Structure formats: C-alpha cells, structure tokens
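As a plain string of letters, each chain reads:
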Amino acid sequence: MQNNEQENTSIIEQERLRKSEQKMKKFNINKNHIQGFIAGVLVSAILFTGLVAGLNPSFLTGSIYTVSDLTVEEIDTVYFLKSDSMQLKKASNTTENIKHIPSSTHYGFEGIDILIEGSVGEKYTLVFGASSSDLTDKMTLVGVPRNNPSVEWIPISGIEIKSAHEYGEFYTSNPRGAVVKYKKTGVSTIIDSREFRQASGIVIEFTSIGSYDAYHIFYVVLTGAGESIKTLKVLCHNKALDYSAITP
C-alpha cells in the first residue's frame, strides 16, 4: 500500500512539474512577443521623429523664430501678390499695376505711398517689410512671429484701414473704387519654394465696372511693438472699361 502511495505521489509531482514547465515556456513566448512589439514601436517612433525633424528642425527644439530689431516705423518695402499667385514680388516705382513711391503725387492726389492700378476682376495682396535687415539670408516681413527659417519678423499687434474722401486736381476719391480687407496674419506666401501663412497684409479687389475711372484713397495703419505706428497712404485706380475697343 505504501509503495502505491509513493508511486501516486511521484506521478502527481511529475505532472505538476510538467505543467509548470509548460507555463514557463508559454510565458517566455508571450514575453518575447511583447518585447518584440515594444521594440518595433520604439524603432518606428525613432524613424518618425527623425523624418519629421529632418523636414522641420523645430520639431525637437520647439518653435524657433527670429524677431527683427526693426519696428513697423521702419517699413520701407512693399511686396505684392497678384490674383491667386503666392510668390512675393517686390514693388517699385516701375512695377506694373503696383507702385511704391513714398510721398509722391498721382492723379492730383498728394502724399501717396502706394499706387495700385487695376480693373474689374483683378485682385492684389500687399505684404509689408523692410530691406535694411542685417540678416542677408532672411527676408524681413511684418507679421505675427512664427517659425520660418527664411523670415525675420517685425512683430505687429494690429492693422486698421481708414478710408478717406479727398479731392485731387481733377478727381475725387470714392470708397466704391475698390474693396479693401486686412489680415493681421494668414497671408499665403511662397518663400524659398515653401508655402507659409504668417505674414500680415491687405487685400484689394476691383469689383465694380464703370464707364469712367474711379479712385479710392485709404490709409493703412500698422501698430507694432511698443505702440510704434506706421501709416501708409494708398491710392487705388479702378480703370474703366474701354468700350470703344470692344468689337460687336
């Protein structure tokens, strides 16, 4: 009887050991699977981080932007975007449709800083900046500072548009000559082949058709850091359609 009990005890112990070994093997398999899954996730995360950091270095370091030492009072450059174009073009006194000639006289109106000429259906966006930057590899634009490797920012706290009713030598200004809107930030621009929506600016649309030319004068008032202010006087010349040139 005693021998039978010993044999039964031995069998039970062997069975317990066998089941214990099976559990250990199963645990090791699951552990290896979990470790492999975690390793895969870590590798993917490292590759993703490297890819994003390569495209946007500020991903690891946080938002980095350059603030100019200049203020809005020192704005001396006007860029423009024609129609749906997002490529900034510099305006000068010889630029077609957009002219930037500080304190000039046009069509009998005095003290005009910017002249915009267009006709019904045309649209222009003006962006302000400065050309006196010490950073030769960056543009200096007015806007709400955000990360942009190609731009240093002249910070702005507000834009205001003030329409004027003035008399020129032969003409009277009329707000119906053009529709003007302003953007504190969000102007879409392409700089160094990359699209950004950070600059401040104004949008001018010629929406009306007339049998004679119409003129619209308004002031752009830009407020920057430390309550610095820059006022630009803009003249929009809405050219009438030349019906004589239209053949029936």
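Here is what the cut-offs are and how they apply
- Residues numbered from 1 in each chain as written.
- Predicted model: local features only at pLDDT ≥ 70, side-chain atom pairs only at ≥ 80, totals over all residues.
- Heavy atoms only, no water.
- Helix = DSSP H or I, 4+ residues; strand = E, 2+ residues; numbered from the N terminus.
- Buried < 20%, exposed > 50% of the residue type's maximum accessible area, 1.4 Å probe, protein only.
- Areas by Shrake-Rupley, 256 points an atom, 1.4 Å probe, with all protein chains shown as cover.
- Patch = residues over 30% accessible without salt bridge, like charges linked within 9 Å, V, L, I, M, F, W, Y side chains within 5 Å.
- Salt bridge = Lys/Arg side-chain N within 4 Å of Asp/Glu carboxyl O.
- Pairing = 2+ DSSP bridges.
- Phe/Tyr/Trp six-rings, centres within 6.5 Å; stacked < 30°, edge-to-face > 60°.

Undergrad: For this particular structure, what's the right way to read the overall build of the chain?
TA: When helices and strands are counted, the chain shows two helices and twelve strands. For the chain, the sequential pattern of α-helices and β-strands runs α-α-β-β-β-β-β-β-β-β-β-β-β-β. The buried share among the 248 residues of the chain stands at 35%. Carbon and sulfur atoms provide 54% of the accessible area of the chain, an area that totals close to 15,100 Å².

Undergrad: Sorry if this is basic, but what is going on with a nonpolar patch on the surface here?
TA: A cluster of nonpolar side chains, namely Tyr107, Phe170 and Tyr171, defines an oily patch on the protein surface of about 320 Å² accessible area. Here Tyr107 is to be found in the loop between strand S4 (98–106) and strand S5 (109–118). Exposure remark for Tyr107: the relative accessible area of 30% places this residue in the partly exposed category.

Undergrad: Help me out: how do you make sense of the pairing of strand S11 (residues 214–224) in this one?
TA: Residues in a regular strand point their side chains to alternate faces of the sheet. By the criterion of burial, S11 is predominantly enclosed, with nine of the eleven residues buried. Here eight bridges tie strand S8 (residues 151–164) to S11, and the two strands are oriented antiparallel to one another. Counted as the bridge partner of Gly158 is Thr223 from S11. As defined by bridge partners, S11 adjoins strand S12 (residues 229–238) across ten bridges and the pair is classed as antiparallel. In the strand pairing of S12, Ala214 is matched with Asn238. Connecting the antiparallel pair S11 and S12 is a turn made up of four residues, with Gly226 showing a positive phi of about 70°.

Undergrad: Quick question: what am I supposed to make of the packing of aromatic side chains here?
TA: Two numbers describe a pair of aromatic rings. These are the distance of the centres and the angle of the planes. Under the definition given, this model contains four aromatic pairs. Each ring, one from Tyr107 and one from Tyr215, has its centre 5.1 Å from the other, and the planes form 50°; the classification is tilted. Residue Tyr107 is located in the loop between S4 and S5, and its partner Tyr215 is located in strand S11; the two are separated by 108 residues in the primary sequence. Aromatic side chains Phe170 and Tyr171 sit 6.4 Å apart centroid to centroid with 75° between the ring planes, which places their arrangement in the edge-to-face category. Here a set of aromatic residues connected by ring pairs shows up, and it is made of Tyr107, Phe109, Phe170, Tyr171 and Tyr215.

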